[in-house]
Amino acid sequence: MLSCADPQRLQQICDGLSAEKIDGLLRKWLHFLPHPFTAADQKAGHHYDISILQAEFSLTQVLDRPVHGRLFFEQVIRENLDLGRPDEVQLIFQRRINRRTPGRFRTRILTQGVTPSLHVYYKNTRIKQYHKEQRALRTETTINNTYGIGKRLHNLPKLREIGFRANRRLLEVERVSYDCILAEETFQQINGPVERAGQRASGLRFADPRIHALWHALILFRLLPKGFRRADLRNHLADLCGHNPETLGQGAITYQLRRLRLHGMIERLPNTHCYHVTETGLRAALFFTRAYNRLLRPGLAAALPGHRATPTGLKQAFDKIDARLTASINQLALAA
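Presented here is a report on the structure given in the accompanying data block. Keep in mind the model is a prediction, meaning the values are calculated, not measured.

Regarding the overall build of the protein chain
Then step 1. Regarding its fold elements, the protein chain presents 12 helices and 9 strands.
Then step 2. Every one of the 336 residues in the protein chain was classed for burial, and the buried ones make up 33%.
Then step 3. In the protein chain, the share of contacts with a sequence separation of at least 24, taken over all contacts with a separation of at least 6, comes to 61%.
Then step 4. Of the roughly 21500 Å² of accessible surface on the protein chain, a fraction of 54% belongs to carbon and sulfur atoms.

Some words on the pairing of strand β4 (residues 125-132)
Then step 1. Pairing of β4 with strand β5 (residues 136-143), which is carried by 8 bridges, proceeds in the antiparallel orientation. Bridge pairing in β5 links Lys 128 to Glu 140.

Details of the nonpolar core
Nonpolar side chains tend to gather and get buried jointly when the protein is soluble and globular.
Then step 1. Among the nonpolar cores identified, the biggest contains 27 residues, and Trp 215, Leu 218, Phe 228, Leu 233, Met 265 and Ile 266 are the most heavily contacted of them.
Then step 2. Within the residue set of this core, elements represented by two or more residues are α8 (209-221), α9 (230-241), α10 (250-262), β9 (275-277) and α11 (279-303).
Then step 3. Examining the composition of this core, we find that 8 residues originate from one element, α8, more than from any other.
Then step 4. Dropping the residues within four chain positions of it, Leu 218 is found in contact with Leu 260, Met 265, Ile 266, Val 277, Gly 281 and Ala 285.
Then step 5. Within the second largest apolar cluster, 13 residues are counted, among which are Ile 52, Leu 153, Phe 164 and Leu 171.

A short note on a nonpolar patch on the surface
Then step 1. A contiguous nonpolar patch, built from Leu 25, Trp 29, Phe 32 and Leu 33 and spanning about 480 Å² of accessible area, is present on the exposed surface.
Then step 2. Tracing the chain through its elements places Leu 25 in helix α2 (residues 19-30).

Some remarks on the packing of aromatic side chains
Then step 1. Overall, the coordinates contain 9 aromatic pairs when judged by the stated rule.
Then step 2. The interplanar angle of 35° and the centroid separation of 5.9 Å between the aromatic rings of Phe 228 and Tyr 275 together place this pair among those described as tilted. Linking Phe 228 in the loop between α8 and α9 with Tyr 275 in strand β9, this pair joins segments that are 47 residues apart in sequence. An identical accessibility class is assigned to Phe 228 and Tyr 275; each is buried.
Then step 3. By the ring-pair criterion, three or more aromatic residues cluster together here, those being Phe 187, Phe 206, Trp 215, Phe 287 and Phe 288.

Regarding unusual backbone geometry
Then step 1. Unlike most non-glycine residues, Ala 197 shows phi in positive territory, near 50°.
Then step 2. Given the relative accessible area of 81%, Ala 197 is considered exposed.
Then step 3. Unlike most non-glycine residues, Ala 207 shows phi in positive territory, near 75°.
Then step 4. Among the structural elements, Ala 207 can be located in the loop between β7 (199-201) and α8.

What to know about the side chain of Thr 289
Then step 1. Among the secondary structure elements, Thr 289 is positioned in helix α11.
Then step 2. A polar contact of 2.6 Å, which involves the side chain of Thr 289, links it to the backbone oxygen of Ala 285.
Then step 3. For Thr 289, the residues in contact, after removing those within four places along its chain, are His 212, Trp 215, His 216 and Ile 219.

Description of α8
Then step 1. A rise of 1.5 Å per residue sets the reference length of α8, with its 13 residues, at 18 Å; its end C-alpha atoms lie 19 Å apart and thus fit the reference within 8%.
Then step 2. Most of α8 sits inside the fold, with 10 of its 13 residues counted as buried.
Then step 3. Where α8 begins, the side chain of Asp 208 points an oxygen toward the backbone nitrogen of Arg 210, at a separation of 2.9 Å.

Observations concerning the pattern of salt bridges
Then step 1. Considering all chains together, one arrives at 12 salt bridges under this definition.
Then step 2. Among the salt bridges present, the one from Arg 160 reaches Asp 15, with a minimum N-O distance of 3.0 Å. Taken together, the residues Arg 160 in helix α6 (residues 156-178) and Asp 15 in helix α1 (residues 7-15) connect sequence positions 145 residues apart.
Then step 3. Overall, the relative accessible area of 42% leaves Asp 15 in the partly exposed class.

Concerning the environment of Thr 186
Then step 1. Inspection of the secondary structure puts Thr 186 in helix α7 (residues 184-191).
Then step 2. Look at Thr 186 and you get partly exposed, because its relative accessible area is 27%.
Then step 3. With 94 residues separating them along the chain, Thr 186 and Thr 280 place their C-alpha atoms 9.8 Å apart.

Overview of the packing of α9 against α10
Then step 1. Where α9 contacts α10, the axes come no closer than 10 Å and their chain directions differ by 100°. The orientation of α9 with respect to α10, classified from their angle, is roughly perpendicular. Contacts between α9 and α10 pair Arg 230, Leu 233, Arg 234 and Leu 237 from the former with Gln 250, Ile 253, Thr 254, Gln 256 and Leu 257 from the latter.
Then step 2. Grouping the amino acids of the contact of α9 with α10 by side-chain chemistry returns 4 nonpolar, 3 polar and 2 charged.

Here's the deal with the packing of α8 against α9
Then step 1. Their axes nearest at 9 Å, the elements α8 and α9 cross at an angle of 130°. Judged by the inter-axis angle, α8 sits oblique to α9. The hand of the α8/α9 crossing is right-handed. Contacts from Arg 210, Ala 213, Leu 214, His 216, Ala 217, Leu 220 and Phe 221 of α8 reach α9 at Asp 232, Leu 233, His 236, Leu 237, Leu 240 and Cys 241.

Points about the environment of Gln 189
Then step 1. Mapped onto the fold, Gln 189 is located in helix α7.
Then step 2. Classification of Gln 189 as partly exposed rests on a relative accessible area of 46%.
Then step 3. Through-space distance from the C-alpha of Gln 189 to that of His 263 is 8.3 Å; in sequence the pair is 74 residues apart.

Parameters and conventions
- Residues numbered from 1 in each chain as written.
- Predicted model: local features only at pLDDT ≥ 70, side-chain atom pairs only at ≥ 80, totals over all residues.
- Heavy atoms only, no water.
- Helix = DSSP H or I, 4+ residues; strand = E, 2+ residues; numbered from the N terminus.
- Buried < 20%, exposed > 50% of the residue type's maximum accessible area, 1.4 Å probe, protein only.
- Contact = heavy atoms within 4.5 Å.
- Areas by Shrake-Rupley, 256 points an atom, 1.4 Å probe, with all protein chains shown as cover.
- Pairing = 2+ DSSP bridges.
- Core = buried A, V, L, I, M, F, W, Y, C linked by side-chain atoms within 4.5 Å.
- Patch = residues over 30% accessible without salt bridge, like charges linked within 9 Å, V, L, I, M, F, W, Y side chains within 5 Å.
- Salt bridge = Lys/Arg side-chain N within 4 Å of Asp/Glu carboxyl O.
- Phe/Tyr/Trp six-rings, centres within 6.5 Å; stacked < 30°, edge-to-face > 60°.
- Polar contact = N/O pair within 3.5 Å; in protein donor to acceptor, adjacent residues only side chain to side chain.
- Expected span 1.5 Å × (residues − 1).
- Axes fitted to C-alpha atoms, helices over the stretch in contact; angles between N-to-C directions.
- Parallel < 35°, antiparallel > 145°, perpendicular 65-115°, else oblique.
- Nonpolar A, V, L, I, M, F, W, Y, C, P; charged D, E, K, R; others polar.
- Left-handed = near helix turned anticlockwise from the far one by under 90°.

Function cannot be read off these values alone, since they describe shape.
Here's what the structure looks like:
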């Protein structure tokens, strides 16, 4: 459906596709198709049960300006090549992954003609995303094995919940990663100390190795529906810093949680010991980690003297700017 006069009514009709309606349609045709059970068998209670071999759940978002949609999708592909990593897959599909989890975890970019598509894999489930007919962003989750839920048709609502949740989580990650620019005022507030309700916390200084590890941990925790606990932060923070979790005391973790909470990066869930990463926390984490990993480190390696790195476009561009600045300064010195 590209467009309609009453989108809400159309959505109600689509939502009305239920396991009961599918079962009724198939039962109708079983009266006409050859059947291995005789009338006596069926009267005795022997009959076919309908199972789900494959289920696909898709979201198609039609764009007002198709050209902008293609630019958005190309940016999404470039920024999300790591979605196939086990830790990212675990968050999108809300399933725990360990060393014994079967299957390959990967991200694939396939191009047919000039239309690229993004594929993220988890066991026998796949999320595919592509620019449909040059004017819509289509996100679809395909489930080929319903082990753990069940193949019988009455499990369709549960599969539907899982499929559409995976679609929306993927879109949420991509949306925030595409638009996570911070204002100057916010940047200074995050880096400086903060005081709220008489409580004071130090700043989250940019490029501090410990803070950098905290940002990475927040990205991992953002999509957990039930939030994260103190032990989760302790384990992930130790892993990101290359330490044993036993070396991080409870006081150190409490200090980091308090600092993140007062800065508005996390919120404590009511009546629990769990925390939730806020929208501001996710945007800040994405901005600082990507600015450091993709701009600051490679940029300094290319710009600073004494580094004999392989010439890159960034290094060549910086060398040209440096040469022009030097020439301008020399001209001003001669004029003076």
